[in-house]
Amino acid sequence: MANRIYLCLAHMSEAGLEQKYIQEAFDTNWVTPLGPNVNGFEEDLEAFVGQGKDVVALTTGTAAVHLSLVACGVEPGDEVITQSFTFCASAHPVTYLGATPVFVDSEKDTWNMDPDLLEEAIKDRIAKTGKKPKVIMPVALYGMPYQIDRILEIAKRYDIPVVEDAAEGFGSRFDGQVLGTFGRYGILSFNGNKMITTSGGGALICPNKEEGERLMWYATQARESYPYYQHETIGYNYRMSNICAGIGRGQMTIVNEHIAHHQHVHQLYEELFKEVDGIEVHSQPANGRYASNYWLTSILIDESLKIKGQENAYKNIITSPVGGVPAVIHAASSARTDCQPNDNVEALRMALDKEGIESRPLWKPMHKQPVYKNSPAYVNGVSEAIFKKGMCLPAGPWVKDEDVKRIVDTIKANVV
């Protein structure tokens, strides 16, 4: 069998600059959550996102979401509107603060937050609770830009701050402007499977230097200016380490290459799937305003398409990490749930896995997650329908043209 193809793994710079910066951290004994690499990485990020923004490097993208909500004054009893079609890190920090996530479904073109449904949700929450939601948080699903112009217009009308979850959309643009720089705050992620990596890590895009310093203070345990540790505000231990930031500095030298590679791989998938009936590649709207980084390429599989082994889908409970990547999972009580990908999608995932190709179902909508069964949700059926038909295919820097051809050929070979 050929080498296993993973969904999206990090790729180090050819010059090995990551190792250079890491070695400098050890040589100078800067191995703490601050130091020259952290400062340098933040400067590189500020230059990349532009718009005069200040960037604070943090331990994770989830930490950035949490801090952004703290900065917006989210408290117990508040509500935060976020996208239902997303990873759980967009919603969990809302609950950390004792607030309630309010889920808004997707539009068909981008799969991101539906602006019309967003306004309907705002009006209804005001009518039912007597107060407006505290934050609006759109998400750049798989790197695809959201309709930020319409979202901002609605947010301005109701005077609600926007936090952009661009964790999957690093380098994606709307009207030429980098995602994460439109709202009051922007979220970035540098997990091992993102566009660039610091092994783990994230960043918070802030409107200016003053606000960046305030959020940096929160991220370093909110210590007051005394010669001893005095705390008058609850802070957090969220600052990125100098070693991880060293990796990030090296990665920033090849970020544009990574984005171009993902876009190239996506285009290749589009070309190879053109003649395959029943499979549609999800692509950005063709109006020139959207520029997705195509973090992952997603396909939709028609329900009528039959896949070899489809009769065996969901026969057994998963007992090991899906895709071969080490992870912690909790033993399920049943192989099926009330909302899951169609049998042909699962059969294709299993067929690809057997051939050493990692694939993944789309994010299960948050409003269908048991943990959020009691949260308000404004749905139109779009995200559920897409989740049932969708699948993510490998697109990372290690995926070559011949790998894409092998993946498509394997899919075609498994269509009955």
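Scroll up a little and you will see the structure.
Fair warning: this is a prediction, and the values are worked out from it, not measured in the lab.

Reading the values: rules and limits
- Residues numbered from 1 in each chain as written.
- Predicted model: local features only at pLDDT ≥ 70, side-chain atom pairs only at ≥ 80, totals over all residues.
- Heavy atoms only, no water.
- Helix = DSSP H or I, 4+ residues; strand = E, 2+ residues; numbered from the N terminus.
- Contact = heavy atoms within 4.5 Å.
- Buried < 20%, exposed > 50% of the residue type's maximum accessible area, 1.4 Å probe, protein only.
- Pairing = 2+ DSSP bridges.
- Axes fitted to C-alpha atoms, helices over the stretch in contact; angles between N-to-C directions.
- 1 Å grid on protein atoms, 1.4 Å probe; cavity = no way out; pocket = protein on both sides within 12 Å on 5 of 7 lines; lining within 4 Å.
- Points joined across faces, edges and corners; volume = space filled by probe spheres on them.
- Nonpolar A, V, L, I, M, F, W, Y, C, P; charged D, E, K, R; others polar.
- Phe/Tyr/Trp six-rings, centres within 6.5 Å; stacked < 30°, edge-to-face > 60°.
- Salt bridge = Lys/Arg side-chain N within 4 Å of Asp/Glu carboxyl O.
- Left-handed = near helix turned anticlockwise from the far one by under 90°.
- Polar contact = N/O pair within 3.5 Å; in protein donor to acceptor, adjacent residues only side chain to side chain.
- Expected span 1.5 Å × (residues − 1).

Colleague: Account for the side chain of Arg125, naming residues and giving values.
Modeller: Along the chain, Arg125 turns up in helix H5 (residues 115–129). Apart from residues no more than four positions distant in its own chain, Arg125 is found in contact with Glu79, Val102, Gly130, Lys131, Pro133, Pro376 and Tyr378.

Colleague: Explain the pairing of strand E9 (residues 202–206) residue by residue, including any values.
Modeller: Burial analysis of E9 places five of its five residues in the buried class, which makes it a mostly covered element. The alternating pattern of E9 places Gly202, Leu204 and Cys206 on one face and Ala203 and Ile205 on the opposite face, and all of these are buried. Pairing analysis gives five bridges linking strand E1 (residues 54–58) to E9, with the strands arranged antiparallel. In the sheet register, Leu58 faces E9, and the bridge partner there is Gly202. Across four bridges, the pairing between strand E8 (residues 185–189) and E9 is antiparallel. Looking across to E9, one finds that Leu188 is bridged to Ala203.

Colleague: I'd like a description of the sheet that holds E1, backed by residues and values.
Modeller: Strand order in the open sheet formed by four strands is E1-E9-E8-E5, with mixed pairing between adjacent strands. Each edge of the open sheet carries a strand with a single partner, namely E1 and strand E5 (163–165). Sheet twist, expressed as the average angle between the axes of neighbouring strands with direction ignored, equals 20°. Packed onto the sheet, helix H3 (residues 61–71) meets E1, E5, E8 and E9 and runs at close to 165° relative to E8.

Colleague: Describe the sheet that holds strand E3 (residues 100–104), naming the residues involved and giving the relevant values.
Modeller: As summarised here, the arrangement of the four strands in space is E4-E2-E3-E14, forming an open sheet in which the pairing is parallel. In this open sheet, the two strands that pair with only one neighbour each are strand E4 (135–137) and strand E14 (377–378).

Colleague: Talk me through empty space enclosed by the protein; I want residue IDs and the actual numbers.
Modeller: Scanning the entire structure with this criterion turns up one cavity of 30 Å³ or more. Of the volumes computed, that of the largest cavity is approximately 50 Å³. Around the largest cavity, the lining residues are Trp111, Leu141, Tyr142, Met144, His282, Ser292, Tyr294, Leu296 and Ser298. Of the residues belonging to the lining of the largest cavity, the class tally is six nonpolar, three polar and no charged.

Colleague: Break down the packing of aromatic side chains for me, citing the residues and quoting the values.
Modeller: Within this structure, the stated rule accounts for 14 aromatic pairs. Arranged with centres 5.9 Å apart and planes meeting at 85°, the rings of Phe170 and Phe190 form a pair that is edge-to-face. Taken as a pair, Phe170 in the loop between E5 and strand E6 (173–174) and Phe190 in the loop between E8 and E9 lie far apart in primary sequence, 20 residues in all. The pair Phe170 / Phe190 is uniform in exposure class, with both members buried. Plain terms: the ring middles of Tyr269 and Phe273 are 6.2 Å apart, the flat faces sit at 15° to each other, and that makes the pair stacked. Of the two residues, Tyr269 and Phe273 both sit in helix H9 (residues 255–273), four residues apart, roughly one turn of that helix.

Colleague: I'd like a rundown of the environment of Lys20, residues and numbers included.
Modeller: Take Lys20: it is sitting in helix H1 (residues 17–27). Put simply, Lys20 and Asp105 are 85 residues apart on the chain and 45 Å apart in space, counted from C-alpha to C-alpha.

Colleague: Just give me the short version of unusual backbone geometry, but keep the residues and values in it.
Modeller: The phi dihedral of Tyr142 is positive, around 55°, even though this residue is not glycine. Relative to the elements of secondary structure, Tyr142 occurs in the loop between E4 and helix H6 (148–158). One non-glycine residue, Tyr294, lies in positive phi territory at about 50°. Residue Tyr294 is classed as buried on the basis of its relative accessible area of 8%.

Colleague: Talk me through the pattern of salt bridges; I want residue IDs and the actual numbers.
Modeller: Tallied over the entire structure, the rule returns 19 salt bridges. The shortest N-O distance in the salt bridge between Glu42 and Arg239 comes to 2.6 Å. A residue pair is termed long-range when its members are at least 10 positions apart, and Glu42 in helix H2 (residues 36–49) and Arg239 in the loop between helix H7 (209–219) and helix H8 (242–252) qualify at 197 residues. Given the relative accessible area of 6%, Glu42 is considered buried. With a relative accessible area of 7%, Arg239 lands in the buried category. As a salt-bridge pair, Glu119 and Arg157 come within 2.3 Å of each other at their nearest N and O atoms. Within this pair, whereas Glu119 is found in helix H5, its partner Arg157 is found in helix H6, the two being separated by 38 residues in sequence. According to the relative accessible area criterion, Arg157 is partly exposed, its value standing at 44%. Here the salt bridges share partners, and the residues they tie into one network are Asp78, Lys131 and Lys134.

Colleague: Explain the packing of H3 against H7 residue by residue, including any values.
Modeller: For the pair H3 and H7, the least separation of the axes is 11 Å and the interaxial angle reads 115°. Seen from above, H3 lies across H7 with right-handed handedness. Residue-level contacts link Leu67, Val70 and Ala71 of H3 to Glu211, Arg214, Leu215, Tyr218 and Ala219 of H7.

Colleague: Give a detailed account of H3, specifying residues and quantitative values.
Modeller: Of all eleven residues in H3, ten are buried, a share of seventy percent or more. The residue sitting at the N-terminus of H3 and contributing the capping side-chain oxygen is Thr60; that oxygen lies 3.4 Å from the backbone nitrogen of Thr62. Count one or two residues on from H3 and you reach Gly73, which has phi positive near 80°.

Colleague: Would you mind going over H2 in detail, with residue names and values included?
Modeller: Its 14 residues give H2 an end-to-end C-alpha distance of 20 Å, which sits within 8% of 20 Å, the value for a rise of 1.5 Å per residue. Taken together, the buried positions of H2 are Asn37, Val38, Gly40, Phe41, Glu42, Leu45, Phe48 and Val49. Following H2 by one or two positions, Gly50 has its phi on the positive side, about 65°.

Honestly, it's all geometry; don't read function into it.
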